[in-house]
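Structural features, examined
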Amino acid sequence: MIRITQLVHGKGTVSEVIKHRKVSPHEVPSKLLAFTQTRRPLVFWNITNQCNLSCTHCYINAGPNKQRRDELSLNEAKAFIDDLAEMRIPLLMFTGGEPIVRRDFWDLVAYAKSNGLKLALSSNGTLITKEIAKKIKEAEIEYVGISLDGANEKTHDTIRGQSGSFNKSVEALKNCVEIGVKCGVRVTATRDNYREIPDLLDLLIQLNVPRFCLYWLVPSGRGKGLFADKNLKTSEVARILDLLYAKAKKFDPEKTEILSVDAPQDGIYMLKKLKEENSPEYENALRLLEFTGDSCSAGDRVANVDPSGNVYVCQFAQLDELKVGNIRQHKFSEIWTDDFNPILSTFRNKVKNLKGKCGECAYKQICGGGCRIRAYFHHGEVMAEDPLCPHDFGTF
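Here's what I pulled together on the structure shown here.

Brief notes about the packing of helix α11 (residues 265-276) against helix α12 (residues 282-292)
Packed helix pairs are specified by the crossing angle of their axes together with the interaxial distance, meaning the distance between the axes. At a minimum axis separation of 9 Å, α11 and α12 run at an interaxial angle of 165 degrees. Considering their axes alone, α11 and α12 lie roughly antiparallel with respect to each other. Crossing of α11 over α12 shows left-handed handedness. When α11 is examined against α12, the residues Gly267, Ile268, Leu271, Leu274 and Lys275 are found in contact with a partner set consisting of Tyr282, Ala285, Leu286 and Leu289. Within the contact of α11 with α12, the residues separate by chemical class into seven nonpolar, one polar and one charged.

Some remarks on the pairing of strand β3 (residues 92-95)
Here β3 shows no split at all, with Leu92 and Phe94 on one side and Met93 and Thr95 on the other all buried. As paired elements, β3 and strand β4 (residues 119-123) share three bridges and run parallel to each other. Bridging across to β4, Leu92 finds its partner in Leu119. In this fold, the crossover linking β3 to β4 by way of helix α4 (residues 105-114) has right-handed handedness.

A short note on the packing of aromatic side chains
On inspection of all chains with the given rule, the structure shows eight aromatic pairs. Look at Trp45 and Phe94: their rings are 5.7 Å apart centre to centre, the planes differ by 35 degrees, and that puts the pair in the tilted class. Of this pair, Trp45 sits in strand β2 (residues 42-46) while Phe94 sits in strand β3, and the two are 49 residues apart along the sequence. Ring geometry for Phe332 and Trp336: centres 5.4 Å apart, planes at 15 degrees, overall stacked. With a gap of four residues between them, Phe332 and Trp336 both fall in helix α13 (residues 332-336), about one helical turn apart. Across the pair, exposure class does not vary: Phe332 and Trp336 are buried alike. A cation over a ring is seen here: Lys275 above Tyr282, with NZ or CZ 4.8 Å from the ring centre. One cation-aromatic arrangement involves Arg348 over Trp336; the distance from NZ or CZ to the ring centre is 5.2 Å.

Looking at the side chain of Asp149
Summarising the element assignment, Asp149 is placed in the loop between β5 (143-147) and α6 (153-160). The contact partners of Asp149, leaving out residues within four places of it in the chain, are His57, Thr155, His156, Ile159, Arg160, Arg186, Val187, Thr188 and Asn193.

A short note on the pairing of β4
The side chains of a regular strand alternate, residue by residue, between the two faces of the sheet. With five of five residues buried, β4 is to be regarded as a mostly interior element. Of the two faces of β4, the one carrying Leu119, Leu121 and Ser123 and the one carrying Ala120 and Ser122 are both buried. Pairing of β4 with β5 involves four bridges; the strand directions are parallel. In the sheet register, Ala120 faces β5, and the bridge partner there is Tyr143. Tracing the backbone out of β4, into helix α5 (residues 130-138) and back to the parallel element β5 gives a crossover that is right-handed.

Details of the pattern of salt bridges
A complete count under the given rule lists 15 salt bridges for this structure. As a salt-bridge pair, Glu76 and Arg328 come within 3.0 Å of each other at their nearest N and O atoms. Of the two residues, Glu76 sits in helix α3 (residues 74-87) while Arg328 sits in the loop between β11 (325-326) and α13, which places them 252 residues apart along the sequence. The partly exposed category is assigned to Glu76, whose relative accessible area is 30%. In this structure Arg328 comes out as partly exposed when scored by relative accessible area, which is 33%. Across the pair Lys113 and Glu140 runs a salt bridge, and its minimum N-O distance is 3.8 Å.

Regarding helix α9 (residues 223-230)
An α-helical segment advances 3.6 residues per turn. Residues three or four places apart therefore align on the same side. Those residues of α9 that sit buried are Gly223, Leu226 and Phe227. The buried residues of α9 occupy an angular sector of 120 degrees when the element is viewed end-on, so they sit on one face. Summarising the geometry of α9, the exposed residues directed more than 90 degrees from the buried face are Gly225, Ala228 and Asp229. Packed against the buried residues of α9 are α17 (372-379).

Definitions and cut-offs
Residues numbered from 1 in each chain as written. Predicted model: local features only at pLDDT ≥ 70, side-chain atom pairs only at ≥ 80, totals over all residues. Heavy atoms only, no water. Axes fitted to C-alpha atoms, helices over the stretch in contact; angles between N-to-C directions. Helix = DSSP H or I, 4+ residues; strand = E, 2+ residues; numbered from the N terminus. Parallel < 35°, antiparallel > 145°, perpendicular 65-115°, else oblique. Left-handed = near helix turned anticlockwise from the far one by under 90°. Contact = heavy atoms within 4.5 Å. Nonpolar A, V, L, I, M, F, W, Y, C, P; charged D, E, K, R; others polar. Buried < 20%, exposed > 50% of the residue type's maximum accessible area, 1.4 Å probe, protein only. Pairing = 2+ DSSP bridges. Right-handed = clockwise from strand over helix to strand, strands pointing away. Phe/Tyr/Trp six-rings, centres within 6.5 Å; stacked < 30°, edge-to-face > 60°. Lys NZ or Arg CZ within 6 Å of the ring centre and 35° of its normal. Salt bridge = Lys/Arg side-chain N within 4 Å of Asp/Glu carboxyl O. Arc of directions from axis to C-beta.

The structure is reproduced here in C-alpha cells:
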C-alpha cells in the first residue's frame, strides 16, 4: 500500500512516524502501521467465500452459489482469534466474499474485540443499511472499505454482476459517513472503468468520504481471466498516477487521503514527480519510503488466511504452490514465525533475488520489486519483474 497523500504532504507525517517507530504495533495509529519497525502482520481474513454479488475480477472467486469451502467453524475461528490476540497483531481485516453474509459474523467481531484486537471491514456495501452501519459503529470497527468499481450504475453494476448494487454501495457510504464510521471508496482499475476515476474522486468529495483507495488488477481468482484483456497499459497507469498526484496535492490531507494498492513502485513514481517539481516535500517523502523499506509487505507485515484456514503471504497469493500452511494443523503464530518456511523465506528475502528490470532498479530496496503475484502470473517466476511498472526509473 502506498499512501500517496502522506508522501505528497510528508513533513507532518515524518514527525509522527518517528514518534511511533518503536511502539508496539497494536498501539500505533492505523495510518502509521506501514512505517513501524515491528513486523507483526496485519491479517486479511477471508471469513467466507459466499457473496451476494459475483464480481468479474474477484480475487477469491466468491459468489452467491459458491460452496462454503470447508469454512472454519465458530470454535476454530475463535481459537484463531485467540492466537492473533496473543501475538498482538496490529489489525484484523474481515473480508470475504462478503463477510456480513456469514451467519456468525457479529459473533466473530464481538469475540475479536473482546480480545483487544483492532478491526476493519472490507465490504461490497450492498448490505450496509443504516441499521448495519449503527452495528458497525457499536462494534468499534475502525474502518470500512466499500467497493465502487465505476462512477455510475452502468459500469459498476456490470462489473459487480447485479443491478442496483451501485446505488446500494453509495447509500452504504452515506450511512457510514452520517453515523461517524470511517469509510473509504475502493476501486480496482481495469480497461472497463479507469476513465471514470476522476468522476469517482469527485463523488468521494461530494459524499464527504475520507479515503480513496485504488487497487491495480492482480491475476488472482476470476481476475486471472480478465488480466490479458482488461489490464492497463503502463502509459495508462502513469496517467492515473499523475491524476492521483495532482488530486493529493489539491485535497486537504486532514480530510481526504489517497492510496494505491498492489504496486509499490507507485511510491517511486511519486518521488519522481516531487523531484521534477522541486517540491520541498521530496526529502520527507523519500524518508517515509525508507522507513517503510520494501513497500510490498506480503509475507512480512501482511498475511492472509482463507475461509478454510490456509495461510498465504497476501490475499492475492491464494495458489497451492504459494500456500504457507494451515491453521488447523499449526497455530498461525507458529506458521508465521517459522524461519525455515520456504515460501516465507522467498518473500522476505526477495529484494536481493529480483530479476529483470526490477533486479537492476536503483530503488528496489524501497519498492521491493512491485507485485510478485503479477510477476509470477506473467513470467512464471516469483522473482521476475512486475509487468505493470510504468518505466525504468534509473536514478534521480
